[in-house]
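# Breakdown of the fold
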Amino acid sequence: MTAVFQKAIDEEEEEEEVCNAFDGEVDIHTQTTSSHDTKNILKGLFTSLLSMDQKRARTMPDEENGDTTNRKKSRAASRASRDVTGSEPVQQRRLWVKDRSRAWWEERSRFDYPEDDFKNAFRMSKTTFNLICDELNSAVAKEDTALRNAIPVRQRVAVCVWRLATGEPLRLVSKKFGLGISTCHKLVLEVCKAIKDVLMPKYLKWPDHEEGLRSVGETFEAVSGIPNIVGSMYTTHVPIIAPKISVAAYFNKRHTERNQKTSYSITIQAVVNHKGVFTDLCIGWPGSMSDDQSTSLVCVVATG
């Protein structure tokens with residue numbers, strides 16, 4: 001029992017001496033052979049750790065050293081730029097963009113491109129095209145960014161006009177204008193919305209006074225001999241992809257029988273005055289309706 005107690009005391013003293021070795025509080029006169037051994041062990045451990053760190057530093061890959069050097073140089077250059085200009089340096093950002101040819105559009109957008117060829121391509125004169133671009137400039141123009149330059153307004157409008165005038169697939173429109181397919185699709189939607197919001201309220205107007213209606217009626221009567229005509233109406237169908245809801249309502253039986261292919265459509269009804277200028281437009285009735293049905297509904301809506 002006494003031996004066990006004495007062994008416990010010796011272990012506590014040895015542990016206290018080890019702790020004192022870390023704290024630097026060892027008394028020279030009280031050091032024993034056990035404390036000397038402990039200090040030698042700790043000294044050897046610290047020496048081994050230091051040696052490992054030095055070896056690791058010597059065997060570090062050159063790439064890491066080079067990256068560290070480059071980062072230091074970059075930070076030094078940034079500090080020097082701030083010292084000289086007094087402001088943060090502008091970081092040049094790069095964005096990968098697929099290189100596409102725009103030769104077709106650049107040729108037709110030239111100032112000296114023949115008027116007749118332009119009209120055959122876009123179904124309108126240069127004067128009308130320039131007018132549309134000027135009217136829609138504020139609605140469709142975009143600003144340049146650090147990643148890329150914005151598409152010019154003329155090219156945006158031309159993509160939409162060409163798509164509407166020819167009905168070409170977007171993949172062919174993309175090749176002609178040197179733009180991505182998704183970009184062309186987005187431009188068509190944006191320009192169409194701008195036409196609806198900006199141009200239609202300004203130019204598509206029904207005569208809103210008796211004098212205007214009387215003038216149109218007199219002109220129509222002089223041409224056709226029929227009195228009290230204020231407009232010439234026509235209804236047509238535009239093919240669409242089958243919608244997800246009310247599919248049967250948009251099924252166009254006439255187009256399906258004619259083309260031997262399932263067809264869906266929506267109706268467009270337009271009214272023009274004696275000069276051929278549109279005065280009313282209605283779009284969206286299901287393609288399954290006949291022309292007389294859609295005409296009756298539009299007249300009821302217009303007069304109701």
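Residues numbered from 1 in each chain as written. Predicted model: local features only at pLDDT ≥ 70, side-chain atom pairs only at ≥ 80, totals over all residues. Heavy atoms only, no water.

The cut-off we apply is this: UniProt positions are given in the numbering used here, feature names are shortened, and annotations may be inferred rather than shown by experiment.
Going by the annotation in an unreviewed UniProt entry, the name recorded for the protein is DDE Tnp4 domain-containing protein, with Brassica napus given as the source organism. Quoted verbatim from the Sequence similarities (unreviewed entry) heading of the UniProt record, the comment on the protein is "Belongs to the HARBI1 family." Here is the UniProt Cofactor (unreviewed entry) comment for the protein, exactly as written: "a divalent metal cation".

### Side note on the packing of aromatic side chains
The geometry of an aromatic ring pair comes down to the distance between the two centres and the angle between the two planes. Worth spelling out the cut-off: We call Phe, Tyr and Trp rings a pair once their centres come within 6.5 Å, taking the six-membered ring for Trp, and we label the pair stacked below 30 degrees between planes, edge-to-face above 60, and tilted otherwise. Should the NZ of a Lys or the CZ of an Arg lie within 6 Å of a ring centre and within 35 degrees of the ring normal, that charge is described as sitting over the ring.
By the definition in use, this model includes 10 aromatic pairs. Members of the aromatic cluster, joined through ring pairs, are W104, W105, F118, F122, F129, W162 and F177. Its guanidinium or amino end placed over the ring of W104, K176 lies 5.8 Å from that ring's centre, counting from NZ or CZ.

### Side note on the nonpolar core
Keep this limit in mind: Nonpolar core, defined: a set of buried Ala, Val, Leu, Ile, Met, Phe, Trp, Tyr and Cys residues in which side-chain atoms within 4.5 Å join the residues together. Here the term buried applies to any residue with accessible area under 20% of the maximum for its type, exposed to any over 50%, and partly exposed to those in between, with areas from a 1.4 Å probe on protein chains only. Secondary structure elements are defined from DSSP: runs of H or I of at least 4 residues count as helices, runs of E of at least 2 residues count as strands, and each element is numbered from the N terminus. Any two residues having at least one pair of non-hydrogen atoms within 4.5 Å are treated as being in contact.
Ranked by internal contacts, the top residues of the largest apolar core, which has 30 residues, are F122, F129, L136, V157, V159 and F177. Going through the elements one at a time, α4 (103-108), α5 (115-122), α6 (126-140), α7 (153-166), α8 (170-177) and α9 (181-203) are the ones with two or more residues in this core. When residues in this core are grouped by element, the largest group, 7 residues, is from α7. If we ignore the near neighbours within four places in the chain, the residues touching F177 are S101, R102, W104, W105, F122, Q155, A158, V159 and W162.

### Let's talk about helix α10 (residues 210-224)
Quick reminder of the rule: Helix span, as expected, comes to 1.5 Å for every residue beyond the first. Each direction from the helix axis to a C-beta atom contributes to the arc, which is the arc of those directions.
The terminal C-alpha atoms of α10, which comprises 15 residues, lie 21 Å apart, in line with the 21 Å expected from a rise of 1.5 Å per residue. Those residues of α10 lying buried are G212, V216, G217 and F220. Along the long axis of α10, the arc covered by the buried residues comes to 130 degrees, so they all point the same way. Those residues of α10 that are exposed and angled more than 90 degrees off the buried face are E210, E211 and A222. Those residues of α10 hidden inside the fold are in contact with β1 (232-240) and β2 (264-272). Positive backbone phi, at 80 degrees, marks G225, one or two positions downstream of α10.

### Side note on the sheet that holds β2
Definition in use: Should DSSP find at least two bridges between two strands, the strands are regarded as paired. For helices, the fitted axis covers only the stretch in contact; all axes are lines through C-alpha atoms, and the angles between them, taken along N-to-C directions, range from 0 to 180 degrees.
The strand order β1-β2-β3 describes an open sheet built from 3 strands, whose pairing is antiparallel. Both edges of this open sheet fall to β1 and β3 (278-286), since each of them pairs with a single strand only. For this sheet, the mean inter-axis angle between neighbouring strands, taken without regard to orientation, is 20 degrees. As judged from the 9 bridges shared by β1 and β2, these two strands associate in the antiparallel manner. Across the sheet, residue I240 finds its bridge partner in β2, namely Y264.

### Points about the pattern of salt bridges
Oppositely charged side chains can form a pair if their charged atoms are brought close together. Counted only if it meets this: Salt bridge criterion: a side-chain nitrogen from Lys or Arg within 4 Å of a carboxyl oxygen from Asp or Glu.
The tally for this structure, following the rule as stated, stands at 8 salt bridges. Notably, a salt bridge pairs K176 with E168, separated by 3.3 Å at the nearest N-O pair. For the pair formed by K176 and E168, the shared burial category is buried. With a shortest N-O distance of 2.8 Å, D197 and K193 are connected by a salt bridge. With D197 and K193 both in helix α9 and 4 residues apart, this pair spans about one turn of that helix. Overall, the relative accessible area of 53% leaves K193 in the exposed class. Linked by salt bridges that have partners in common, K193, K196 and D197 make up one network.

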